[in-house]
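Each chain, written out:
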Amino acid sequence: MISVEDWALIRRLVADGVPQRQVARQLGIGRSTVDRALASDRPPKYERPPQATSFTSFEARVRAVLAEHPEMPATVIAERVEWDGSITWFRENVRRLRPEHRPVDPADRLTWAAGDAAQCDLWFPPAKIPLEDGTRVLLPVLVIVAAHSRFVTAKMIPTRKTEDLLLGSWELIQQLGRVPRRLIWDNEPGIGQKGRLAQGVAAFAGTLATKVVQLRPYDPESKGIVERRNGWFETSFMPGRTFTSPADFNVQLSDWLEKANSRVVRTIKARPLDLIEHDRSRMLPLPPIPLQLGWRERVRLGRDYYVRLDASDYSVDPQAIGRLVDVTADLDRVRVRLEGRIVADHARIWARGSTVTDPVHVETAKRLRQDFQRPRPGGVGDDLSRDLADYDRAFGIEGVA
């Protein structure tokens, strides 16, 4: 068999008018070889003729199993077809056949109209962030990308719970300045799963007049824009950076995003900063009323005058002991109110299991404890008798004979 170079040379020489006999003589090959090279429309390629192997007699049965169960493990298939040879050789052949029997799942090329959608996701930076108690933990970053303009907004939040996801979403939507008509999520538990939204998500979407879209499982293409941004964060934002707190992380991320949104995106050949105004013009306006978001709970304050929020305890004015108090919290503050009056206001602690105490509350508790333990004065006089005229006046029979 001649080489690819000889095949190309033969065709070029004959095309230049060199007689085939002369070409054969110059290259030292037979005339029939020249004829085959001219008749072939592709370069010569050595192919070993197929030969029967130990797997050949099992192939039909393996194909039958894969046609019905394309994801069945190779070891189980080997047991079903009674294979007794090398399991490594069997696995190699099953790996070769399996793609032919998997169901086809085409991925369409999506186009995103201005103002139509924003893709939402959680990104977990590969670096532990120091918290107030000295521990270091991995924390989620909520990312929302306007699909048409590719404008990116992101913020680190304390937890993946619904309350924090909605608080973070509202902050990022306010950064956009308008409301996308659809918020596209995967099956994040804090947003909803299996087609059912988590408690409070439907009310959030209704107040914004938008729609929360939950993607079907195994549908990464519909959220590919934000997924690629998450990978971009890890390769462009994270290298060489250190962080002292979640607040420091958010400051650095915000500064970097200003530059990132000014860079040309290769797929759209434009800068998100230049397209965002057109994107905003097709979005919905922000709601005219303030959103009631965050952590909200009504509890009766116990004798230890602390309330618990997300596994941490916060002190409350002890004068509210035994009363029903309203506990509210956002991403930054925890507040407790008694009949509308604030009786506790603390910075929210992201470290779980922490105790936050206001020294004023401790002093108040000490004073109330001393007042409670002080002996009470006794009654005046020892006469336990009562004037019978008191009963006459109580029943309205005064003066009756």
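This text goes with the structure placed above it.
Residues numbered from 1 in each chain as written. Predicted model: local features only at pLDDT ≥ 70, side-chain atom pairs only at ≥ 80, totals over all residues. Heavy atoms only, no water.

A.B. asks: What is the right way to read unusual backbone geometry from this model?
C.D. replies: What is expected of a backbone is that most residues other than glycine have negative phi and most peptide bonds are trans. Even without a glycine there, the phi angle at Ala209 is positive, about 60 degrees. Structurally, Ala209 is set in the loop between helix H8 (201-208) and strand S9 (211-214). For Ala209, a relative accessible area of 57% puts it in the exposed group. If you check the backbone angles, Asp310 has positive phi at about 50 degrees while not being a glycine. Along the chain, Asp310 falls in the loop between strand S11 (306-309) and strand S12 (312-315). (Helix = DSSP H or I, 4+ residues; strand = E, 2+ residues; numbered from the N terminus. Buried < 20%, exposed > 50% of the residue type's maximum accessible area, 1.4 Å probe, protein only.)

A.B. asks: It is not clear to me how helix H6 (residues 87-97) should be interpreted in this structure. Could you clarify?
C.D. replies: Since the α-helix turns once every 3.6 residues, residues separated by three or four places project in the same direction. Within H6, burial applies to Phe90, Asn93, Val94 and Leu97. The buried residues of H6 occupy one face: seen down the axis, they fall within an arc of 100 degrees. Buried residues along H6 sit against helix H4 (56-68) and helix H5 (74-80). Two to three positions downstream of the cap, the backbone nitrogen of Thr88 sits 3.4 Å from a side-chain oxygen, assigning the N-cap of H6 to Ser86. (Arc of directions from axis to C-beta. Contact = heavy atoms within 4.5 Å. Polar contact = N/O pair within 3.5 Å; in protein donor to acceptor, adjacent residues only side chain to side chain.)

A.B. asks: Would you explain the pattern of salt bridges in this entry?
C.D. replies: Two side chains bearing opposite charge may form a pair once their charged atoms approach each other closely. One pass over the full model with this rule turns up 22 salt bridges. Where Asp116 meets Arg182, a salt bridge forms, and the shortest distance between an N and an O atom there is 2.7 Å. Of this pair, Asp116 sits in the loop between H6 and strand S1 (117-123) while Arg182 sits in strand S6 (residues 182-185), and the two are 66 residues apart along the sequence. Arg182 gets classed as partly exposed once you look at its relative accessible area, which sits at 26%. With its nearest N and O atoms 3.0 Å apart, the salt bridge here joins Asp310 to Arg352. Placement of Asp310 in the loop between S11 and S12 and of Arg352 in the loop between strand S15 (341-347) and strand S16 (355-356) is noted, with a sequence separation of 42 residues between them. A single network of salt bridges, built from pairs that share partners, joins Lys161, Asp164, Asp310, Arg348 and Arg352. (Salt bridge = Lys/Arg side-chain N within 4 Å of Asp/Glu carboxyl O.)

A.B. asks: Help me out: how do you make sense of the nonpolar core in this one?
C.D. replies: The tendency in soluble globular proteins is for nonpolar side chains to be buried side by side. Counting residues in each nonpolar core, the largest one holds 48 residues, and the members touching the most others are Val143 and Phe249. It is helix H10 (residues 246-260) that provides the largest number of residues to this core, a total of five residues. Contacts of Val143, omitting those with residues within four sequence positions, involve Gln119, Cys120, Asp121, Trp123, Val152, Thr153, Ala154, Val226, Asn230 and Phe233. Among the nonpolar cores identified, the runner-up in size contains 26 residues, and Leu165, Leu183, Ala205 and Leu291 belong to it. (Core = buried A, V, L, I, M, F, W, Y, C linked by side-chain atoms within 4.5 Å.)

A.B. asks: Could you clarify how one ought to interpret the sheet that holds S1 in this entry?
C.D. replies: Paired through their backbone hydrogen bonds, the strands of a sheet run either parallel or antiparallel. Reading across the sheet, the five strands line up as S5-S4-S1-S6-S9 and stay open at both edges, with mixed pairing between neighbours. Two strands bound the open sheet, and with one partner strand each, they are strand S5 (152-156) and S9. Going from strand to strand, the sheet's axes swing by 20 degrees on average, the running direction of each strand aside. Bridge count between S6 and S9: four bridges; the pairing is parallel. In the strand pairing of S9, Trp185 is matched with Gln214. Helix-sheet contacts for helix H9 (residues 224-237) involve S1, strand S4 (141-146) and S5, and the interaxial angle to S1 is about 45 degrees. Strand contacts of H10: S1, S4 and S5, with the helix running at about 170 degrees to S5, the strand carrying the most contacts. (Pairing = 2+ DSSP bridges. Axes fitted to C-alpha atoms, helices over the stretch in contact; angles between N-to-C directions.)

A.B. asks: Teacher, can you tell me more about the sheet that holds S11 here?
C.D. replies: Reading across the sheet, the three strands line up as S11-S12-S16 and stay open at both edges, with mixed pairing between neighbours. Across the chains shown, the open sheet's two edge strands, defined by having one partner strand only, are S11 and S16. Strand direction decides the pairing type here: S12 and S16, joined by two bridges, are parallel. Its bridge partner lying in S16, Tyr314 is registered against Val356.

A.B. asks: Could you clarify how one ought to interpret the packing of helix H1 (residues 4-15) against helix H3 (residues 31-39) in this entry?
C.D. replies: Two packed helices can be described by the angle between their axes and the distance between those axes. At a closest axis distance of 9 Å, the pairing of H1 and H3 adopts a crossing angle of 85 degrees. Taken together, H1 and H3 sit at an angle that is classed as roughly perpendicular. On H3, the residues touching Trp7, Ile10, Arg11 and Val14 of H1 are Val34, Ala37 and Leu38. Each residue belonging to the contact of H1 with H3 can be placed in one class, and the counts come to six nonpolar, no polar and one charged. (Parallel < 35°, antiparallel > 145°, perpendicular 65-115°, else oblique. Nonpolar A, V, L, I, M, F, W, Y, C, P; charged D, E, K, R; others polar.)

A.B. asks: It is not clear to me how the packing of aromatic side chains should be interpreted in this structure. Could you clarify?
C.D. replies: In this structure the tally under the stated criterion is 13 aromatic pairs. Between Trp83 and Phe90, the aromatic rings sit 5.2 Å apart at their centres with planes inclined by 40 degrees, giving tilted as the arrangement. Taking the relative accessible area as the measure of exposure, Phe90 reaches 0% and is therefore buried. Arranged with centres 6.4 Å apart and planes meeting at 40 degrees, the rings of Trp123 and Phe249 form a pair that is tilted. In this pair, Trp123 sits in strand S1 while Phe249 sits in helix H10, placing the two residues 126 residues apart along the sequence. With respect to burial, Trp123 and Phe249 carry one shared label: buried. Connected via pairs of aromatic rings, a cluster forms that spans Trp123, Trp232, Phe233, Phe237, Phe243, Phe249 and Trp256. A cation over a ring is seen here: Arg280 above Phe151, with NZ or CZ 6.0 Å from the ring centre. (Phe/Tyr/Trp six-rings, centres within 6.5 Å; stacked < 30°, edge-to-face > 60°. Lys NZ or Arg CZ within 6 Å of the ring centre and 35° of its normal.)

A.B. asks: What is the right way to look at the pairing of strand S13 (residues 324-329) in this model?
C.D. replies: Consecutive residues of a regular strand have side chains that alternate between opposite faces of the sheet. The pairing of strand S10 (residues 295-300) with S13 spans six bridges and is classified as antiparallel. The partner of Val299 across the bridge, within S13, is Val325. Sheet analysis places S13 next to strand S14 (residues 333-338), joined by four bridges and oriented antiparallel. Residue pairing in the sheet places Ala329 in a bridge with Val334 of S14. Taking the residues between adjacent antiparallel strands as the criterion, S13 and S14 are bridged by three residues.

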